[in-house]
Amino acid sequence: MDEITKITTDAPRIGVFVCDCGLNIAGTVDTAAVTEWAKDLPDVTCVVRNKYTCADPGQNEIRKAIVEHKLNRVVVASCSPRMHEPTFRGCVMDVGLNPYLMEMANLREHCSWVHAGEKDAATEKAKDLVRSAVARARLLTPQEELKVSVTKAALVIGGGVTGIQTALDLADSGHQVYLVEKEATIGGIMAGLDKTYPTMDCSI
Amino acid sequence: MAYSEVVNVSGFVGNFKVTVKKKARYVDEKECTACGECVEVCPVTRPDEYQTGFSTRKAINIPFPQAVPASYLINMDDCLGTNPIACGKCADVCEKKCIDFDMQDELVELEVGAVVVATGMDVYDPSEIDEYGYARFPNVITSMEFERLICAGGPTEGHFVRPGDGTRPKRIGFIQCVGSRSAKRGNPYCSNICCMNTVKDTLLLVDHYPDTQCSVFYMDIRAFGKSFEDFYMRSKEEGVRYIRNIPGEIEEDPATGNLRVVVEKTDGQGIEFHDFDMIVLATGVIPRQDSPIIRKLLTLSKTSDGFLMEAHPRLKPVDAPTRGVFMAGCAESPKDIKDSVAQAGAAASHANILLNAGEIAIEAITSTIDIASCNGCELCVDVCPYHAIQSNGKKNAPTIITAACAGCGNCGAACPTGSIEMKHFTDIQIEAQVDAICEENAGEKVVAFACNWCSYAGGDFAGISRLQYPTDARLIRTMCSARIDEEFIWRAFRKGAAMVLVSGCHYADCHYISANRQTVQRVNRIWDKMDRLGIRAERLQLEGISAAEGQKFAKVMRDIKDMREKVTKEEIDETVRILSEEHDKKMKKKAAKEAKKAAGAAA
């Protein structure tokens, strides 16, 4: 039985990591109550509350718990996955867990920051978001990312001062660059200027 | 590649295929020596765009002497005709024989790993502010026109004169924020560059003509950059008057062409007049009017000001939400040359990181098909926006080309037999989330589906902006709203949810080309069925919320709370009863079908 099959066939052992994010989350959501409550969710093996889960000590707690409690799923209840999903995927990978076995609950952008005056309702919502993430985590399976090669060439669209500078920088780094300009000449708006501030030198 | 446009982009990060249309110049740019003989004989005269119309050019022309490539081109809209009988004088005199009336547009295919969007800006047209008379008074000019008039390479060789009568103006007024910082006309944002540009203009004038009297009408002078404040002070020391007031009107004396500016006194006690020989309108920066084309080609979004939306407003200012695409300069927001150059370096550096990687991992979120249960209906083939599902003939299971799959999940939602599984966003994973949300007090909740790229991000933006809204909704993230199977919505109602929200990108702005059109169709089907079943269709809401629309996200959340409060417990109980009966019937039918199939197989 290879490692991947082993993880999927094992009963889920979920670690939930509730983040205070300083006061960003804990200022509104009762993270202590969420932590306590999450312990009774199905297949949850351990629940840890951190001041800053994304910081090194927070990430270390996750790695430590994965090893100690033989966790095979992780739920990080902190901020938006659009912000820190890569961080926590990397974190669980460090100790051999497939990155797709990490799930996030967005308690900051979608909860504490937008419900500042409603502590009780925000805490209830936070619980639901954790419950939903745990329910999903129980069913997650490892995924393998496809590796693709990168074509060593770049396209720059627009031949004004920005496009020209970008194209030069890329070309100076040794890459093939295609600079596409709609008009009959490069130069853009800047070519239409006389002098430029604050040095008063010519634009062309 | 000048005089060229990107017309198509396909592929994905590290592996883009780009089609560029190289427009016909009708002059061989490699052979042309820019001798200018052709211009001498060209009979067609038109306003010169480069000189903002202050001088003329011919139908065959070079935009300006230092143009790159240094080659002429024929503007075919102006040329007397491709038929050499009509004119053809330029071709006759061209010694190098590089004029070719039969030249065609050419399509060039490129393969690139990264794309940098540096499409720049357009300039606000002040004609709509009629009280400034830009379209009526010749001596009211824009800051871009000022540049040409003061430039040694300009139409007057740097002699600064009035367009109206060619005399030198001695009293010059500048009006700031034309088209900027206005909720009514133009744009509400600050254009960033106009203050310092005007300061520069005043210094140029007093340098060239020390007897010039300059006055600047302004709201605030924003001299925030390095050494900008010194620059501004220098202008003041040179005697330029800065008047904190934005004029209400410009009047012209028809006899002299002189201009009178009317401003309210700052103390509110009446009005005052200022007389000038010439007025310069500091026109603002606007998004490129053709930017929707590039946005569509590269699946980019815009912020509410119309400029391109970055992947993160603070941490990823030069990365586009589409992986492998970067942005810099005024395409992202109004900025000056120094900032544009700095951002160009940043974009180049980020593109470099990708290009130097050699090999990168792409997301594993793609779909798979279970051949055994597939009935070969090919609905998935039809809905895939990437043509990543290949037909093997009706009745046969199609093949999914994993490398071409972008992971929207549209096929999974379309599949009537549940044979397609979207990795990492499987039916059971999403249904488990619906169940979890509805486990307690479902009648007080809104089950809200949100696509990763737009509406979920719009929710994040509302969070970052600390926009407050009610707590009713529980979001379930999918990559695209097209992943939302009709069954997910029915399930939420069956489990007692008061409301369901389906939110995604705007209709024509889907991150997965056109996938969210299916979302709309599915929601329409459900609305019809809700009507038939006697369930109020209003309880299912569909909204397009872009990543930049935090305000809209918060508003949708407020509106949906109001709707949620109108849903009674009795109504929910009745819905649960109706849908449970429906579901039981469906399950029985399915079981009977499977039993029949099993019996058939056994026989």
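A. Main features of the overall build of chain A. In terms of regular secondary structure, chain A is built from seven helices and nine strands. In terms of overall size, chain A is more extended than a compact globule, its C-alpha atoms giving a radius of gyration of 25 Å where 204 residues would be expected to give roughly 17 Å. In terms of its C-alpha atoms, chain A occupies a principal-axis envelope of roughly 70 × 50 × 25 Å. A total of 204 residues make up chain A; the buried ones form 57% of that total. Considering only contacts within chain A whose residues lie at least 6 apart along the sequence, 67% involve residues at least 24 apart. Accessible area of chain A: about 8100 Å², with a carbon and sulfur share of 52%.

B. Fine view of the interface of chain B and chain A. With 111 residues of chain B at the interface, the matching set in chain A holds 76 residues. Both sides together, the interface formed by chain B and chain A hides about 8100 Å², and carbon and sulfur atoms give 60% of it. Among the residues chain B hides against chain A, the three largest losses belong to Leu355(B), His424(B) and Thr471(B). Together they make up 8% of the total. Applying the counting criterion to the chain B and chain A interface returns seven salt bridges. One salt bridge connects Lys445(B) with Asp128(A), and the closest N-O pair in it is separated by 2.5 Å. Our count for the chain B to chain A interface comes out at 54 residue pairs in polar contact (both at pLDDT 80 or more).

C. Structural context of the packing of aromatic side chains. Under the counting rule described, the total for this entry stands at twelve aromatic pairs over all chains. A centroid spacing of 5.5 Å and a plane angle of 65° characterise the contact between Tyr469(B) and Phe553(B), whose relative ring orientation is edge-to-face. Here Phe553(B) lies in helix H14 (residues 550-565) and Tyr469(B) lies in the loop between helix H11 (455-464) and strand S26 (473-478), a separation of 84 residues in the sequence. One exposure class covers both Tyr469(B) and Phe553(B), and it is buried. Clustering of aromatic rings is evident, with ring pairs tying together Tyr197(A), Phe224(B) and Phe228(B). Just above the ring of Phe425(B) sits the side chain of Arg136(A); from NZ or CZ to the centre is 4.6 Å.

D. View of the sheet that holds strand S11 (residues 171-178) of chain B. Residue and element names in this part refer to chain B. Taken in spatial order, the five strands of this open sheet run S10-S17-S11-S12-S13, and their pairing is parallel. Looking along the sheet, the strands with just one partner apiece sit at the ends: strand S10 (140-142) and strand S13 (241-244). Neighbouring strand axes in the sheet, compared pairwise and without regard to direction, differ in orientation by 25° on average. Contacting S11, strand S12 (213-218), S13 and strand S17 (278-283), helix H4 (residues 194-208) crosses the sheet at an angle of about 170° to S11.

E. Examining the state of the cysteines more closely. Residue and element names in this part refer to chain B. Applying the stated criterion across every chain, the model contains zero disulfides over all chains. Not engaged in a disulfide, the cysteine Cys94 finds its nearest cysteine sulfur in Cys98; these two sulfurs lie 3.5 Å apart. With no disulfide partner, Cys330 has as its closest neighbouring cysteine sulfur the one in Cys194, 11 Å distant. A relative accessible area of 8% means that Cys330 is categorised as buried.

Definitions and limits used
Residues numbered from 1 in each chain as written. Chains lettered and ligands numbered in written order. Predicted model: local features only at pLDDT ≥ 70, side-chain atom pairs only at ≥ 80, totals over all residues. Heavy atoms only, no water. Helix = DSSP H or I, 4+ residues; strand = E, 2+ residues; numbered from the N terminus. Rg over C-alpha atoms; globule rule 2.2 N^0.38 Å. Buried < 20%, exposed > 50% of the residue type's maximum accessible area, 1.4 Å probe, protein only. Contact = heavy atoms within 4.5 Å. Areas by Shrake-Rupley, 256 points an atom, 1.4 Å probe, with all protein chains shown as cover. Buried area = accessible area lost by both parts, 1.4 Å probe. Salt bridge = Lys/Arg side-chain N within 4 Å of Asp/Glu carboxyl O. Polar contact = N/O pair within 3.5 Å; in protein donor to acceptor, adjacent residues only side chain to side chain. Phe/Tyr/Trp six-rings, centres within 6.5 Å; stacked < 30°, edge-to-face > 60°. Lys NZ or Arg CZ within 6 Å of the ring centre and 35° of its normal. Pairing = 2+ DSSP bridges. Axes fitted to C-alpha atoms, helices over the stretch in contact; angles between N-to-C directions. Disulfide = S-S within 2.5 Å.

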